[in-house]
Amino acid sequence: DTGVSQDPRHKITKRGQNVTFRCDPISEHNRLYWYRQTLGQGPEFLTYFQNEAQLEKSRLLSDRFSAERPKGSFSTLEIQRTEQGDSAMYLCASSLWDRADEQYFGPGTRLTVT
Amino acid sequence: GESVGLHLPTLSVQEGDNSIINCAYSNSASDYFIWYKQESGKGPQFIIDIRSNMDKRQGQRVTVLLNKTVKHLSLQIAATQPGDSAVYFCAEQGGKLIFGQGTELSVKP
């Protein structure tokens, strides 16, 4: 399967712990996006990268959140000192830089903070 | 401000019937819209898109209609099948995707 992959698919953590998620985009895609989706809602944009550069961050991305894409391939999203309100599905998508209209989504990582 | 929303959170149809899912948007400057399908446990999947210079676009069993006068778009699914059961989102693309809340489509056999 050459689509977008995310790991882990599910994560349960206790409040206050740090968690890190990984996204592997489609190999030739130079743009990578992170979204958060809560139950019953549509995905909300968090941030995106073009190659290794983080070009935009939503105000939803508090200082407890950090995303990296060090080599312009896979990306990680870290949440520090998790809170119950962080419980959500975290989706990754990728696209070609000149085809940002066509974003391909991964299956998501479902985070539950207890 | 920008917002994209759907009229109904749930829609139940009989297998074989046509489904119509509606979406309203508020940003009159929006020029590109996408419909996504999201099945349980999966990420959103592209269905069909439309640009503001078009009123209608057809795909395989799906049609999107855009009414710029009332800032409304709809997704029509012909001969709805059980495999169409999912949550459907409209989204506005303006550099980043802005999604509406979603309509859950249930298909009764």
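Because the structure is a prediction, the values reported are computed rather than measured.

## Brief notes about the overall build of chain A
Right, on to step 1. Broken down by element type, chain A carries zero helices and 11 strands.
Right, on to step 2. The secondary structure elements of chain A, listed N-terminal to C-terminal, are β-β-β-β-β-β-β-β-β-β-β.
Right, on to step 3. Over its C-alpha atoms chain A spans a radius of gyration of 13 Å, differing by no more than 12% from the 13 Å that the globule rule assigns to 114 residues.
Right, on to step 4. With respect to the three principal axes, the spread of C-alpha positions in chain A is 40 × 25 × 25 Å.
Right, on to step 5. Counting only residues that meet the buried cut, chain A has 46% of its 114 residues in that class.
Right, on to step 6. Sequence-distant contacts in chain A: of pairs separated by 6 or more residues, those separated by 24 or more amount to 54%.
Right, on to step 7. Between the centroid of the 15 positive side chains of chain A and the centroid of its 15 negative side chains there is a distance of 7 Å.

## As for the sheet that holds strand 8 (residues 75-79) of chain A
All names here are of chain A.
Right, on to step 1. Taken in spatial order, the four strands make up an open sheet running 1-3-8-7, and their pairing is antiparallel. Among the strands making up the open sheet, the edge pair consists of strand 1 (5-7) and strand 7 (65-68). Sheet twist, expressed as the average angle between the axes of neighbouring strands with direction ignored, equals 15°.
Right, on to step 2. Two strands pair when backbone bridges link them, and strand 7 and strand 8 are joined in this way by four bridges, in the antiparallel orientation. Its bridge partner lying in strand 8, glutamate 68 is registered against threonine 76.

## A look at the pairing of strand 9 (residues 86-93) of chain B
Residue and element names in this part refer to chain B.
Right, on to step 1. Most of strand 9 is tucked away: seven of the eight residues are buried.
Right, on to step 2. The pairing of strand 4 (residues 32-38) with strand 9 spans six bridges and is classified as antiparallel. Across the sheet, tyrosine 36 pairs through a bridge with phenylalanine 89, a residue of strand 9.
Right, on to step 3. As paired strands, strand 9 and strand 11 (residues 103-108) are joined by three bridges and run antiparallel to one another. Paired with valine 87 across the two strands is glutamate 104, which belongs to strand 11.
Right, on to step 4. Here strand 9 pairs with strand 10 (residues 97-99) via three bridges, running antiparallel. The residue bridging alanine 91 from the neighbouring strand is phenylalanine 99, located in strand 10.

## Some details on the interface of chain B and chain A
How large an interface is tends to be reported as the accessible area lost when its parts come together.
Right, on to step 1. Listed by partner, the interface residues are 16 residues for chain B and 16 residues for chain A.
Right, on to step 2. Across the chain B/chain A interface, buried area totals approximately 1300 Å², and carbon plus sulfur atoms make up 49% of it.
Right, on to step 3. For Arg51(B), the salt bridge is made with Asp101(A), and the minimal N-O distance between the two is 2.5 Å.
Right, on to step 4. Our count for the chain B to chain A interface comes out at seven residue pairs in polar contact (both at pLDDT 80 or more).
Right, on to step 5. Those elements that place two or more of their residues in the side of chain B that touches chain A are strand 4, strand 9 and strand 10 of chain B.
Right, on to step 6. No other element matches the four residues that strand 4 of chain B contributes to the side of chain B that touches chain A.
Right, on to step 7. Grouping the constituent residues of the side of chain B that touches chain A by class yields seven nonpolar, six polar and three charged.

## What to know about the pairing of strand 3 (residues 19-24) of chain A
Each regular strand shows side chains that alternate between the opposite faces of the sheet.
All names here are of chain A.
Right, on to step 1. Taking every second residue as pointing to the same face, the buried face of strand 3 carries Val19, Phe21 and Cys23, while none of Thr20, Arg22 and Asp24 on the other face is buried.
Right, on to step 2. In terms of strand pairing, strand 1 meets strand 3 through three bridges, oriented antiparallel. In the strand pairing of strand 3, aspartate 7 is matched with arginine 22.
Right, on to step 3. Two elements, strand 3 and strand 8, share five bridges in a ladder whose sense is antiparallel. Bridge assignment links arginine 22 to a residue of strand 8, and that residue is threonine 76.

## Regarding the environment of Thr76(A)
Right, on to step 1. In this structure, Thr76(A) sits in strand 8.
Right, on to step 2. Sequence-distant contacts of Thr76(A), defined by excluding residues within four places in its chain, comprise Thr20(A), Phe21(A), Arg22(A), Trp34(A), Ser66(A), Ala67(A) and Glu68(A).

## Thoughts on the side chain of Thr82(A)
Residues and elements named next belong to chain A.
Right, on to step 1. On the secondary structure map, threonine 82 appears in the loop between strand 8 and strand 9 (88-95).
Right, on to step 2. Judged by its relative accessible area of 1%, threonine 82 is buried.
Right, on to step 3. A distance of 3.3 Å separates a polar atom in the side chain of threonine 82 from the backbone oxygen of lysine 14.
Right, on to step 4. Here the side chain of threonine 82 touches glutamine 17 through a polar contact of 2.9 Å, landing on its backbone oxygen.
Right, on to step 5. If we ignore the near neighbours within four places in the chain, the residues touching threonine 82 are Thr13, Lys14, Arg15, Gly16, Gln17, Val19, Arg64 and Val113.

Quick notes on the rules
Residues numbered from 1 in each chain as written. Chains lettered and ligands numbered in written order. Predicted model: local features only at pLDDT ≥ 70, side-chain atom pairs only at ≥ 80, totals over all residues. Heavy atoms only, no water. Helix = DSSP H or I, 4+ residues; strand = E, 2+ residues; numbered from the N terminus. Rg over C-alpha atoms; globule rule 2.2 N^0.38 Å. Buried < 20%, exposed > 50% of the residue type's maximum accessible area, 1.4 Å probe, protein only. Contact = heavy atoms within 4.5 Å. Lys, Arg positive; Asp, Glu negative; His and termini not counted. Charge placed at Lys NZ, Arg CZ, Asp CG, Glu CD. Pairing = 2+ DSSP bridges. Axes fitted to C-alpha atoms, helices over the stretch in contact; angles between N-to-C directions. Buried area = accessible area lost by both parts, 1.4 Å probe. Salt bridge = Lys/Arg side-chain N within 4 Å of Asp/Glu carboxyl O. Polar contact = N/O pair within 3.5 Å; in protein donor to acceptor, adjacent residues only side chain to side chain. Nonpolar A, V, L, I, M, F, W, Y, C, P; charged D, E, K, R; others polar.

Read these as layout, nothing more, since geometry by itself doesn't imply function.
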